[in-house]
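# Survey of secondary and tertiary structure
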Amino acid sequence: MMEWKMGIICAEEAELAPILQHVENLQVTEKAMLKFYEGTVRGIPAVLTNCGNCKVNAAIAAQVMADLYHVNGMINAGTAGGMDETVELFDTVISTASAYHDVAENILTGFHPYFPSVYIESDERFLNAAKRVEDKASNRLLFGKSVTGECFITDDNRDEINEKFAPLSVDMETASIAHVCFVNQIPFIAVRTITDTASHAGVGNFRKNCEKASIISKDIVLLILEELAES
């Protein structure tokens, strides 16, 4: 049985708050202007933080977790925007692979760190754990690609991104955390619940739906942790 020490990263405090309620033996430390919450979640030692929005903030948090807290697995949890027209509000997207939608394709495949493709694959063990808890979820789980970039997607370039990547969801952090995990050889998965879609677009919908979506994401993360603790 694998002995996990899990890093859990959310972008915003509101996304992390529901998970923090389930941390036992909580201790708080600070590094790189971030608070790291150490404890146990569903029997698994864990380190949690809300990193702030955008790619660099997420990468900082992930590398600190790798270097200082020595996690051997990472989960990116929280919310996302729906991209595919079949994705609905409060669906949870389990990212099978993630890519940057705003980075030239050959930058990371033709140069360091020489990705096999523009997509960074999620860990198969984590994906299988998510699939095993699918029937326990209160809302729909979707498995597919996600994309990451430095802007909130409304109608601008939505069609272009969909045509190029065919993602289920979009956010500002997932691919950068997956990137850090790739170079550190740390298993990774993202669990993101949808707050806005093409028909319910805009930051206003994100704000309105963030709390509910974060609770749903938390529920899925806890189920995955329980499954990993038993496997």
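Above this note sits the structure.
Presented here is an overview of the structure given in this document. Source: prediction; values computed, not measured. (Residues numbered from 1 in each chain as written. Predicted model: local features only at pLDDT ≥ 70, side-chain atom pairs only at ≥ 80, totals over all residues. Heavy atoms only, no water.)

## Observations regarding the pairing of strand β6 (residues 92-100)
Put simply, side chains in a regular strand alternate between the two faces of the sheet. With eight of nine residues buried, β6 is to be regarded as a mostly interior element. Bridge analysis of β6 against strand β8 (residues 141-148) gives eight bridges, and the strand direction is parallel. Residue pairing for β8: Ile94 is matched across the bridge by Phe143. Of the strand pairs in this sheet, β6 and strand β10 (residues 188-196) are connected by three bridges, and their pairing is antiparallel. Its bridge partner lying in β10, Ile94 is registered against Val191. (Buried < 20%, exposed > 50% of the residue type's maximum accessible area, 1.4 Å probe, protein only. Helix = DSSP H or I, 4+ residues; strand = E, 2+ residues; numbered from the N terminus. Pairing = 2+ DSSP bridges.)

## Description of the packing of helix α2 (residues 55-68) against helix α5 (residues 174-184)
Taken N-terminus to C-terminus, the directions of α2 and α5 make an angle of 35°; their axes are 8 Å apart at the nearest point. The crossing of α2 and α5 is right-handed. Seen from α2, the contacting residues are Lys55, Ala58, Ala59, Ala62, Gln63 and Ala66; seen from α5, they are Ser176, Ile177, Val180 and Asn184. Here the residues of the contact of α2 with α5 are counted per class, giving six nonpolar, three polar and one charged. (Axes fitted to C-alpha atoms, helices over the stretch in contact; angles between N-to-C directions. Left-handed = near helix turned anticlockwise from the far one by under 90°. Contact = heavy atoms within 4.5 Å. Nonpolar A, V, L, I, M, F, W, Y, C, P; charged D, E, K, R; others polar.)

## Side note on unusual backbone geometry
Where the residue is not glycine, phi is negative for most of them; where a peptide bond is considered, it is trans in most cases. Pro113 follows His112 through a cis peptide bond whose omega is 5°. Inspection of the secondary structure assignment puts Pro113 in the loop between β6 and β7 (120-121). At Met33, a residue that is not glycine, the phi angle is positive and equals roughly 65°. Inspection of the secondary structure puts Met33 in the loop between β2 (24-31) and β3 (34-41). Judged by relative accessible area, which is 87%, Met33 ranks as exposed.

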